[in-house]
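Descriptive structure summary
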Amino acid sequence: MWPLMSLIDTAVIGQGSSIELAALGPGTVFCDNTSYVFMFLSIATSNLVATALAKSDKNEVQHQISILLFIGLACGVLSHRGNNTEIINAANTYVQIRGLAWPAMLVGWVAQSASLGMKDSWGPLKALAVATAINGIGDIVLCRFFGYGIAGAAWATMVSQVVAAYMMVAALSKKGYNGFALSVPSLDELLQIFMLAAPVFLTMMSKVTFYSLLVYYATSMGTHIAAAHQVMLQLFCIFAVWGEPLSQTAQSFMPELLYGVNRNLSKARMLLKSLLIIGASNGLILASGGVSISLFFPKIFSPDPLVIQEMHKVLLPLFLTLWVSPCVHSLEGTLLAGRDLKFISISMATIFGWASLLVMLFSSKGFGLSGCWFALVTFQWTRFLVALRRLTLADGILYLEDSVHDELQKLKAA
């Protein structure tokens, strides 16, 4: 949801000032990428809720939801207190205002993941639609009519996130669960969540740090380049997120095939093949859409010809990164479903190091914004190739019966 909110902010702010548009870059990256770090809450919620549902134990489902809601609220409160970052004033204002919604946002995120774990996407979809409308109208009214600029965009986004969180929590009540109940987890429960979440956390941190590194180098190249990078990065985020349902599908349906009572690795491989075919097709559509908007309608985001000129320099890398993104989601979602977490975390950290060196090398050689974006292409395609190789190994989770059996025993013990 947060990439869509940031894209709306980008479009509205870009019509008023290239300077504020450039300042929006560090602000949205800090807010969006820091929240992205807490993806472990989403994955843990989906996993634990799905496991409890498989046991047909409604009380266990309620308990898992309650403790994860508590953890989400605690993380949100602590994250808000830590928002005093040393960044430029305009971006700092944006971060401070949006930080007010962090507790509600993470609670809503847990509630959304619980709904998705129950294979219900209608409740989160309604919340997203309402939040988008509130954010869009709020941006236009506060920024264009009242002239609050970047601060107005932040207030509109903050309110939309609070409303969305309430709707997602309330949606759980319609399924027979109390979304407003909080339970303090025991030490054993915290350990279980930590063992599941720690590798995912390391993976998310690698992604977040890399995207932040791109913003750092783009910002150092000047106002117009920073503004162009902000627009293109938000376009990448909003189109790439459409691949997330493939990851969610893998995490929802793969566990039964990998380590369920009636496990079937042949069907698991067929499911992955289908996800990759769908991912490649969708990726082509998404990439074409992202490039088309940048090429034919750049003034949606900024009327500044210098900003538009810089945007057009990175159309090819934008296409390549968007094309492969849905396939990356499919592969990494399968690895998460198979709980191959150690491999995911180590490989992601290694790829991050390699891609970061490329960013620094390209920047030092004067390749400009194009250098940053081709480093992003390398980052995305390397993730794809490494994950594909892992899943096609003869002793991988999709082929080796013994490894699947061992995982089943671990789940039963847990």
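Owing to the predicted nature of the structure, the values given are computational and were not obtained by experimental measurement.

**Structural notes on the overall build of the protein chain**
The number of helices and strands found in the protein chain is 17 helices and zero strands. Looking at the protein chain as a whole, 55% of its 414 residues qualify as buried.

**Quick notes on the confidence of the model for the protein chain**
Taken as a whole, the protein chain shows an average pLDDT of 81; of its residues, 82% reach a score of 70 or greater. Segment residues 82–87: pLDDT under 50, and ten contacts once partners within four positions in sequence are set aside and those in other chains are kept.

**Regarding the UniProt feature "transmembrane region" (unreviewed entry) in the protein chain**
UniProt's entry tags residues 36–54, 153–172, 193–218, 275–294, 314–331, 343–362 and 368–388 with the feature "transmembrane region" (unreviewed entry), counted in the numbering of this structure. Measuring from the first to the last C-alpha atom of residues 275–294 gives 28 Å, for a span that is 100% helix and 0% strand. Taken end to end, residues 314–331 comprises 94% helix and 0% strand; its first and last C-alpha atoms sit 26 Å apart.

**A short note on a nonpolar patch on the surface**
Among the surface-exposed residues, Ile137, Ile140, Val141, Phe145, Phe146 and Tyr148 lie close enough to one another that they form a single nonpolar patch of about 670 Å² accessible area. With respect to the helices and strands, the residue Tyr148 is situated in the loop between helix H7 (122–145) and helix H8 (149–173). Relative accessible area serves as the criterion here: at 51%, Tyr148 is assigned to the exposed category.

**Here we look at the packing of aromatic side chains**
Counted by the stated rule, this structure contains eleven aromatic pairs. With 5.3 Å between their ring centres and 85° between their planes, Tyr216 and Tyr217 make a pair best called edge-to-face. The exposed category is assigned to Tyr216, whose relative accessible area is 56%. A centroid spacing of 6.2 Å and a plane angle of 80° characterise the contact between Trp323 and Trp381, whose relative ring orientation is edge-to-face. Taken together, the residues span a long stretch of sequence, with Trp323 in helix H14 (residues 315–337) and Trp381 in helix H16 (residues 368–391) at a distance of 58 residues. What links up through ring pairs into an aromatic cluster is the set Phe210, Tyr211, Phe236, Trp373 and Phe379. Above the plane of the ring of Phe343 lies Arg390, whose end atom (NZ or CZ) is 4.4 Å from the centre.

**Re the side chain of Glu189**
Tracing the sequence through the fold places Glu189 in helix H9 (residues 187–219). Of the polar contacts made by the side chain of Glu189, one reaches the backbone nitrogen of Ser186; its length is 2.9 Å. Contacts of Glu189, omitting those with residues within four sequence positions, involve His63 and Ile67.

**Observations regarding the packing of helix H10 (residues 223–240) against helix H12 (residues 265–296)**
At their nearest, the axes of H10 and H12 sit 10 Å apart, and the two run at 150° to each other. One element, H10, and the other, H12, form an angle in the roughly antiparallel class. H12 is crossed by H10, and the crossing has right-handed handedness. Across the interface between the two elements, Met232, Leu235 and Phe239 of H10 pack against Leu286, Gly289, Gly290, Ile293 and Ser294 of H12. By residue class, the composition of the contact of H10 with H12 is five nonpolar, three polar and no charged.

**Overview of the environment of Tyr177**
Summarising the element assignment, Tyr177 is placed in the loop between H8 and H9. Judged by relative accessible area, which is 10%, Tyr177 ranks as buried. Sequence separation between Tyr177 and Ser66 is 111 residues, and the spatial gap between their C-alpha atoms is 9.5 Å.

**A few points about the side chain of Lys207**
Counting through the fold element by element, Lys207 comes out in helix H9. Note on Lys207: relative accessible area 5%, which makes it buried. At 3.5 Å, the side chain of Lys207 and the side chain of Glu332 are in polar contact.

Calculation rules
Residues numbered from 1 in each chain as written. Predicted model: local features only at pLDDT ≥ 70, side-chain atom pairs only at ≥ 80, totals over all residues. Heavy atoms only, no water. Helix = DSSP H or I, 4+ residues; strand = E, 2+ residues; numbered from the N terminus. Buried < 20%, exposed > 50% of the residue type's maximum accessible area, 1.4 Å probe, protein only. pLDDT = per-residue confidence, 0-100. Contact = heavy atoms within 4.5 Å. UniProt positions renumbered as here; feature names shortened; annotations may be inferred. Patch = residues over 30% accessible without salt bridge, like charges linked within 9 Å, V, L, I, M, F, W, Y side chains within 5 Å. Areas by Shrake-Rupley, 256 points an atom, 1.4 Å probe, with all protein chains shown as cover. Salt bridge = Lys/Arg side-chain N within 4 Å of Asp/Glu carboxyl O. Phe/Tyr/Trp six-rings, centres within 6.5 Å; stacked < 30°, edge-to-face > 60°. Lys NZ or Arg CZ within 6 Å of the ring centre and 35° of its normal. Polar contact = N/O pair within 3.5 Å; in protein donor to acceptor, adjacent residues only side chain to side chain. Axes fitted to C-alpha atoms, helices over the stretch in contact; angles between N-to-C directions. Parallel < 35°, antiparallel > 145°, perpendicular 65-115°, else oblique. Left-handed = near helix turned anticlockwise from the far one by under 90°. Nonpolar A, V, L, I, M, F, W, Y, C, P; charged D, E, K, R; others polar.

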